[in-house]
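What the coordinates show
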Amino acid sequence: MNFRPLHDRVLVKRVDAEEKTSGGIIIPDTAKEKPQEGEVVAAGAGAKDETGKVTPLDVKAGDKILFGKWSGTEVKIDGQDLLIMKESDILGIIG
């Protein structure tokens with residue numbers, strides 16, 4: 001993939017939604033909630049402050065993250081559905 005996010009933006013791949021409930025009921029695609037969990041595919045270099053100094057991001061490629069329900073912009077790159085979001089949209093790193 002030839003895509004590199006700029007500044008404090010992060011490229012995220014959503015994890016697959018659960019196909020079944022814990023009781024074994026299959027959830028149809030129309031009723032599934034979009035997962036708020038993903039994996040960082042690529043991250044920008046960091047945000048610049050007023051003086052031009054770059055502050056590196058706290059996340060890196062490979063990190064498992066949680067993000068807000070309405071966070072990011074959906075894009076399709078190389079046939080994959082991905083999200084581009086600012087680091088501030090990320091709620092935390094899992095694990």
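Residues numbered from 1 in each chain as written. Predicted model: local features only at pLDDT ≥ 70, side-chain atom pairs only at ≥ 80, totals over all residues. Heavy atoms only, no water.

The chain appears in an unreviewed UniProt entry as Co-chaperonin GroES from Sphingomonas chungangi.

In this section: the overall build of the chain. Regarding its fold elements, the chain presents zero helices and eight strands. The helix and strand sequence of the chain, counted from the amino end, reads β-β-β-β-β-β-β-β. Across the 95 residues of the chain, 27% fall into the buried class. Within the chain, counting contacts between residues at least 6 apart in sequence, those at least 24 apart form 61% of the total. Only carbon and sulfur atoms are counted for the fraction: they give 51% of the accessible area of the chain, which is about 6,700 Å². (Helix = DSSP H or I, 4+ residues; strand = E, 2+ residues; numbered from the N terminus. Buried < 20%, exposed > 50% of the residue type's maximum accessible area, 1.4 Å probe, protein only. Contact = heavy atoms within 4.5 Å. Areas by Shrake-Rupley, 256 points an atom, 1.4 Å probe, with all protein chains shown as cover.)

Here we have six strands laid out as an open sheet, ordered β6-β7-β1-β2-β5-β8, and antiparallel in their pairing. Two strands close off the open sheet at either side, each with one partner strand: β6 (73-77) and β8 (90-94). Taken pair by pair, the neighbouring strands of this sheet meet at an average axis angle of 45°, ignoring direction. In terms of strand pairing, β6 meets strand β7 (residues 80-86) through five bridges, oriented antiparallel. The partner of Val 75 across the bridge, within β7, is Leu 82. (Pairing = 2+ DSSP bridges. Axes fitted to C-alpha atoms, helices over the stretch in contact; angles between N-to-C directions.)

Our focus in this paragraph is the pairing of strand β2 (residues 37-43). Here strand β1 (residues 9-14) runs beside β2; their pairing, made up of five bridges, is antiparallel. If you follow Arg 14 over to β2, its bridge partner there is Gly 38. Note that β2 and strand β5 (residues 64-67) share three bridges and pair antiparallel. Pairing of Glu 37 across the sheet is with Leu 66, part of β5.

Counting 10 residues, the largest nonpolar core is built from Val 10, Val 12, Val 40, Leu 57, Val 59, Ile 65, Phe 67, Leu 83, Met 85 and Ile 90. In this structure, Leu 11, Ile 77, Leu 82 and Ile 84 belong to the second largest nonpolar core, which totals five residues. (Core = buried A, V, L, I, M, F, W, Y, C linked by side-chain atoms within 4.5 Å.)

In this section: the pattern of salt bridges. If the charged atoms of two oppositely charged side chains come close together, the side chains can form a pair. What the rule picks out here adds up to five salt bridges. For Glu 74, the salt bridge identified is with Arg 14, shortest N-O distance 3.6 Å. Here Glu 74, found in strand β6, pairs with Arg 14, found in strand β1; they are 60 residues apart in sequence, far enough to count as distant. The exposure class assigned to Glu 74 is exposed, which follows from its relative accessible area of 51%. A salt bridge links Glu 39 to Lys 64; the shortest N-O distance between them is 3.3 Å. Of this pair, Glu 39 sits in strand β2 while Lys 64 is found in strand β5, placing the two residues 25 residues apart along the sequence. According to the relative accessible area criterion, Lys 64 is partly exposed, its value standing at 37%. (Salt bridge = Lys/Arg side-chain N within 4 Å of Asp/Glu carboxyl O.)

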